[in-house]
Amino acid sequence: ADIGAGVGYYSLKLAAEVGPTGKVYATDIQPGMIERLRANIAKAGVKNIEPVQSSESSTGLAGSSIDLMILVDVYHEFSQPRAMIEALKRALKPDGQLLLFEFRKEDPKVPIREEHKMSVAEAKAELEADGLVLDKVLHDLPWQHMMFFRKSGGAR
């Protein structure tokens with residue numbers, strides 16, 4: 001699932017990765033983005049992406065249905081982060097993973113406004129307080145953290 005998919009940039013890439021037998025759910029809270037997403041899916045001729053209208057407190061996804069969800073520079077935008085974390089956890093399968101990308105707050109050289117950045121410590125504190133566990137952090141990208149979370153008690 002691509003949470004906060006916008007026009008589907010990452011959804012289209014994920015659809016190619018999961019292949020014709022896989023499925024990508026692309027969620028967004030803005031109806032206009034869902035419309036543009038549908039147009040981009042049609043233009044690309046992709047059949048394995050399902051747009052999902054979400055809200056500020058709900059993903060719109062079925063319970064225990066998602067193997068991997070990605071949030072690319074989205075989490076810090078949540079107006080109701082605790083409600084969304086609960087919704088994200090509900091949608092994850094017991095062994096599912098949440099992959100959080102956020103601009104590095106710890107790095108003053110990242111040319112992004114401070115309110116659009118998160119540190120690993122901030123993300124860990126917020127998500128672990130609501131029952132997710134930080135499994136690993138990758139530092140492969142020049143400006144963003146890649147943080148892998150799982151449900152507390154979930155498989156490693």
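In the block above lies the structure referred to throughout.
My aim in this report is to walk through the structure given alongside it, one point at a time.

Procedures and definitions
Residues numbered from 1 in each chain as written. Predicted model: local features only at pLDDT ≥ 70, side-chain atom pairs only at ≥ 80, totals over all residues. Heavy atoms only, no water. Helix = DSSP H or I, 4+ residues; strand = E, 2+ residues; numbered from the N terminus. Rg over C-alpha atoms; globule rule 2.2 N^0.38 Å. Buried < 20%, exposed > 50% of the residue type's maximum accessible area, 1.4 Å probe, protein only. Contact = heavy atoms within 4.5 Å. Phe/Tyr/Trp six-rings, centres within 6.5 Å; stacked < 30°, edge-to-face > 60°. Lys NZ or Arg CZ within 6 Å of the ring centre and 35° of its normal. Salt bridge = Lys/Arg side-chain N within 4 Å of Asp/Glu carboxyl O.

Describing the overall build of the protein
At step 1: When helices and strands are counted, the protein shows four helices and eight strands.
At step 2: By the compact-globule yardstick of 15 Å for 156 residues, the protein fits well, its C-alpha radius of gyration being 15 Å.
At step 3: Projected onto the principal axes, the alpha-carbon positions of the protein cover approximately 40 × 35 × 30 Å.
At step 4: Within the protein, buried positions represent 44% of all 156 residues.
At step 5: A fraction of 64% describes how many contacts in the protein between residues 6 or more apart in sequence connect residues 24 or more apart.

Considerations on the side chain of S11
At step 1: Relative to the helices and strands, S11 is located in helix α1 (residues 9-18).
At step 2: In this view, S11 contacts D2, A5, V24, A26 and I49; residues no more than four positions away in its chain are not counted.

Thoughts on the packing of aromatic side chains
At step 1: Summed over all chains, the structure comprises two aromatic pairs.
At step 2: Across from the ring centre of F148, 4.8 Å away, lies the NZ or CZ of K136, which sits over that ring.

Comments concerning the pattern of salt bridges
At step 1: Throughout the structure, instances matching the rule amount to nine salt bridges.
At step 2: For E86, the salt bridge goes to K89, with nearest N and O atoms at 3.0 Å. In this pair, E86 and K89 are both assigned in helix α3 (residues 81-91), three residues apart and thus about one turn of the helix distant.
At step 3: Overall, the relative accessible area of 17% leaves K89 in the buried class.
At step 4: The partner of K117 in a salt bridge is E114, and the shortest N-O contact between them spans 3.1 Å.
At step 5: On the basis of relative accessible area, K117 is assigned to the buried category, the value being 4%.

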